[in-house]
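# Residue-level structural notes
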Amino acid sequence: MKLLALNVPLPPAADMAAFAPELIVTATAVAVLLLPFFLTRSRRDRLTAAVTALGAAAAAVAAGAFFVRGGSHPAFSGLLVADRLSSFLRVLIFGFLALIAVMWLITASRRRNDATVIDAPEFFTLLIAATVGMGMMVSSVNLLMVVVGIELASLPSYAMAGFQKQQRLGAEAAMKYVVFGAVTAAVMLYGVSLLYGVYGTLSVDRIAASVASAGTIPPVAVIGMLGLLAGVGFKISAVPFHFWCPDVFEGASVEVATFLSVASKAAGLALLLRLVYAVGGFAGAAPHYAGSIALAVGILATLTATLGNLAALAQDNLKRMLAYSSIAHAGYVLMAVAILPTDGQGISGSPGAQALVLYLLVYLFMNLGAFSVVALVYNRTGSERIEAFAGLGRRAPLLAIPMALFLVSLVGLPPMAGFAAKFQLFYALFVYQPISLRWLVVVGLVNTLISLFYYMRVVRAMFLQTTDDGPIEVSALAAGWVIAMAVPVTGLLVVWQPLTKLF
Amino acid sequence: MNHVLHIGLNHYLVLAAILFAAGLCTMTLKRNAIGILIGVELVLNAANVNLIAFSHYGTGLIDGQVTAIFVIVLAAAEAAVALAIFLNFYNRLATVDVDRGDRLRG
């Protein structure tokens, strides 16, 4: 297949078909950008969000079709791969984009003077571009594509963090985000250049094969891998690359914070899983370096979960508290990455990947729900602080009761879906560990106990504190949306068993 | 004498390491956002020198050089976004000193 005039060879049609979801959302981005030329100003913001939601939903369905079909399809001369892990995460990420567009319609589009409403087409173009980058991150099996995916996800995110141009906090958040991101990206690229020098290739599989045949990792390659970890760690806000996260979440609008808290971290964690499994879980890998890799990830997970939970205890701003909570949850998922597959077992069906996928799926709904309530309360009270939630149980029970469900699920208590996610993770850590990291279960349980305090502080404010403020008016649409998010947060527990078989 | 005059892989790697060290110092010591961005560019170019040198002396394939071109494009895109954000920060605070962004903390 060739372009007629240029005589440029196009990639094979099968490769393009495997990446149909990315092509669909890219086309949506173009459509969203052109839409304002055909519409009056008053109608374009809502229609932009609707087109984004439809395009993203179509992409999620296309990725879902590939997931159901199964199999692994290496595409574009081994730069990307469409396998079950990448297809599932693309369903998750593109489906999440559709949900974010709906959430924006319900929360942000009601706000006057919100920059994302005034410049809705530009905002959604950035949002879609970042999502395409995340789709590439979860599919990349080549370090060049890892770098391009991370940058494509990051650059629009910097702009979205500072989208409220008139506000000082937005300007500050974007500044911190872009400076931190640029530094880690530069270090990552230097690390990638060192890995290229040592192994003579950027293909992750071929690097893994070289490592396995050498039986050891030379110091220069270790430095290269640490550089790569800086870039990926920045995306998942793993300690010590987490400093941007609370500031960006507090300074950016709630919808942007929601997007970054789920999509960016899910993509980064899946990418890290793929890289760690490729090197540490290579068939016939020498146990000693696999053990070092698992231990390194385990220590990273411990630091991330513990620091996130401890810092969240001191927060009065709900968005900032949820930012630290998202760091802590990234720490829990990192524990799943530490469960290396046993000899010769691929990513699909490995206990670590199963635990990661279930956790991310549950985390998506509970975080989206909690942030939606924060956005709706902010719309009515103008505050994101915990004082705004005082007496919410009486003032707006339709928001307070689902919020309590989301928070209980974030702790990981039964009968919420968060319990299934955490139980699956700790069970996998305890049972399947070929390299003993069972102490991570203790770390996880202690952290869950710590997290109980700050989540329950919000519940206590909502139901036990009283206030003179009158009831908060909640539209039927908003209440319906929050309750719709509460349904999977309770209902996923029922289909827990089939969900673990899914992957 | 001959091995000093004959420029080989090691010369490029030392150049890249010096560039990386200079860039890392600039990134960590400068408080001016533009200065940090200059440090980032130094580190990115250190990576480019590495990639091209390894590609020429090591593999003999073109993939390292192609990667370097990608890095140049990424650096340009990143600088464009970063400078726009710095300009907006300057419009709000009349400075590009990163330490002045102290409203968000805790």
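Calculation notes
Residues numbered from 1 in each chain as written. Chains lettered and ligands numbered in written order. Predicted model: local features only at pLDDT ≥ 70, side-chain atom pairs only at ≥ 80, totals over all residues. Helix = DSSP H or I, 4+ residues; strand = E, 2+ residues; numbered from the N terminus. Rg over C-alpha atoms; globule rule 2.2 N^0.38 Å. Buried ≥ 20, exposed ≤ 12 C-beta atoms within 10 Å, placed from the backbone. Contact = placed C-beta atoms within 7 Å. Expected span 1.5 Å × (residues − 1). Nonpolar A, V, L, I, M, F, W, Y, C, P; charged D, E, K, R; others polar. Core = buried A, V, L, I, M, F, W, Y, C linked by C-beta atoms within 7 Å. pLDDT = per-residue confidence, 0-100. Domains from an automatic or database assignment. Arc of directions from axis to C-beta. Axes fitted to C-alpha atoms, helices over the stretch in contact; angles between N-to-C directions. Parallel < 35°, antiparallel > 145°, perpendicular 65-115°, else oblique. Left-handed = near helix turned anticlockwise from the far one by under 90°.

Broken down by element type, chain A carries 21 helices and two strands. Since a compact globule built from 503 residues should have a radius of gyration of about 23 Å, the 22 Å found for chain A is in line with a globular shape. The principal-axis extent of the C-alpha atoms belonging to chain A is close to 70 × 60 × 40 Å. With 503 residues in all, chain A has 61% of them scored as buried. Taking the contacts inside chain A whose residues are at least 6 apart along the sequence as the reference set, 79% of them involve residues at least 24 apart.

Here we take up the overall build of chain B. When its secondary structure is counted, chain B shows four helices and zero strands. Starting at the N terminus, the α and β elements of chain B follow one another as α-α-α-α. The C-alpha atoms of chain B give a radius of gyration of 18 Å, which is well past the 13 Å a tight globule of 106 residues would have. On the principal axes, the C-alpha backbone points of chain B span a range of 55 × 30 × 25 Å. Buried residues in chain B amount to 36% of all 106 residues. Across chain B, every contact between residues at least 6 apart in sequence was considered, and the portion connecting residues at least 24 apart equals 47%.

Residues and elements named next belong to chain A. Relative to the helices and strands, Leu493 is located in the loop between α20 (476-491) and α21 (496-502). A sequence separation of 74 residues divides Leu493 from Phe419, and the C-alpha atoms of the two residues are 7.9 Å apart. Not counting the four nearest positions on each side in its chain, Leu493 is found in contact with Pro415, Met416, Ala417, Phe419 and Ala420.

Time to look at helix α6 (residues 120-139) of chain A. A rise of 1.5 Å per residue sets the reference length of α6 of chain A, with its 20 residues, at 28 Å; its end C-alpha atoms lie 29 Å apart and thus fit the reference within 8%. Here α6 of chain A lies mainly inside the structure; 18 of its 20 residues are buried.

Facing the 36 residues of chain B at the interface are 36 residues of chain A. At 15 residues, the largest contribution of residues to the side of chain B that touches chain A is made by helix α4 (residues 63-93) of chain B. Here the side of chain B that touches chain A is composed, by residue class, of 23 nonpolar, nine polar and four charged.

This brings us to the nonpolar core. All names here are of chain A. In this structure, Leu356, Tyr359 and Val362 are the most contacted members of the largest nonpolar core, which totals 238 residues. Broken down by element, this core gets its largest block of residues, 22 residues, from helix α8 (residues 168-199). In this structure, Val362 is in contact with Ala417, Gly418, Ala420, Ala421 and Leu492, ignoring residues within four places of it in sequence.

Attention now moves to the confidence of the model for chain B. This prediction gives chain B a mean pLDDT of 91; 94% of its residues lie at or above 70. For this predicted complex, the interface score ipTM comes out at 0.95, alongside a pTM of 0.94.

Before going further, it helps to examine the domain arrangement of chain A. All names here are of chain A. Along its sequence, chain A is carved into domain 1 (13-139) and domain 2 (140-502). Computed over C-alpha atoms, the centres of domain 1 and domain 2 are 21 Å apart. Between domain 1 and domain 2, the contact holds 37 residues from the first and 47 residues from the second. A total of 13 residues in the side of domain 1 that touches domain 2 trace back to one element, the largest contributor, which is α6. Tallied by class, the residues present in the side of domain 1 that touches domain 2 amount to 26 nonpolar, six polar and five charged.

With that out of the way, let us pick up helix α9 (residues 204-214) of chain A. All names here are of chain A. Buried within α9 we find Val204, Ile207, Ala208 and Val211. Here the buried residues of α9 occupy an arc of 100° about the axis, which is enough to place them on one side. Of the surrounding elements, those touching the buried residues of α9 are α7 (143-161), α8 and α12 (254-280). Just beyond α9, the residue with positive phi is Gly215, at close to 80°.

The next thing to look at is the packing of helix α14 (residues 318-338) of chain A against helix α15 (residues 351-381) of chain A. Residue and element names in this part refer to chain A. Orientation of α14 relative to α15, taken along the N-to-C sense of each, is 175°, at an axis distance of 9 Å. Considered as vectors, α14 and α15 are oriented roughly antiparallel to each other. On α15, the residues touching Leu318, Lys319, Leu322, Ser326, His329, Tyr332, Val333, Ala336 and Val337 of α14 are Gly352, Ala355, Leu356, Tyr359, Leu360, Tyr363, Asn367, Ala370, Phe371 and Val374. Taken together, the residues of the contact of α14 with α15 sort by class into 14 nonpolar, four polar and one charged.

Residues and elements named next belong to chain A. With an omega of 5°, the peptide bond between Val239 and Pro240 qualifies as cis. Tracing the backbone shows Pro240 in the loop between α10 (219-236) and α11 (244-251). With an omega of 10°, the peptide bond running from Pro414 to Pro415 counts as cis. By the secondary structure assignment, Pro415 is in the loop between α17 (397-411) and α18 (417-431). Although it is not a glycine, Ser237 sits at a positive phi angle of roughly 50°.

In this section: the environment of Phe88 of chain A. Residues and elements named next belong to chain A. Within the fold, Phe88 resides in helix α4 (residues 84-106). Once the C-alpha coordinates of Phe88 and Leu407 are considered, the two residues, 319 residues apart in sequence, prove to be 26 Å apart. Excluding residues within four positions of it along the chain, Phe88 makes contact with Phe67, Val357 and Phe503.

Quick look at the confidence of the model for chain A now. For chain A, the mean per-residue pLDDT works out to 91, and 96% of the residues sit at or above 70. Summarising per-element confidence for chain A, the mean pLDDT is lowest in α21 of chain A (75) and highest in α7 of chain A (96).

With that settled, the discussion passes to the packing of α12 of chain A against α14 of chain A. All names here are of chain A. The N-to-C vectors of α12 and α14 enclose an angle of 15°; their axes lie 10 Å apart at closest approach. Overall, the two elements α12 and α14 adopt an arrangement that is roughly parallel. Crossing angle aside, the handedness with which α12 passes α14 is right-handed. Across the interface between the two elements, Val254, Ala257, Ser261, Lys265, Leu269, Leu272, Leu273 and Val276 of α12 pack against Lys319, Leu322, Ser326, Ala330, Val333 and Val337 of α14. A breakdown of the residues in the contact of α12 with α14 according to their chemical character gives 10 nonpolar, two polar and two charged.

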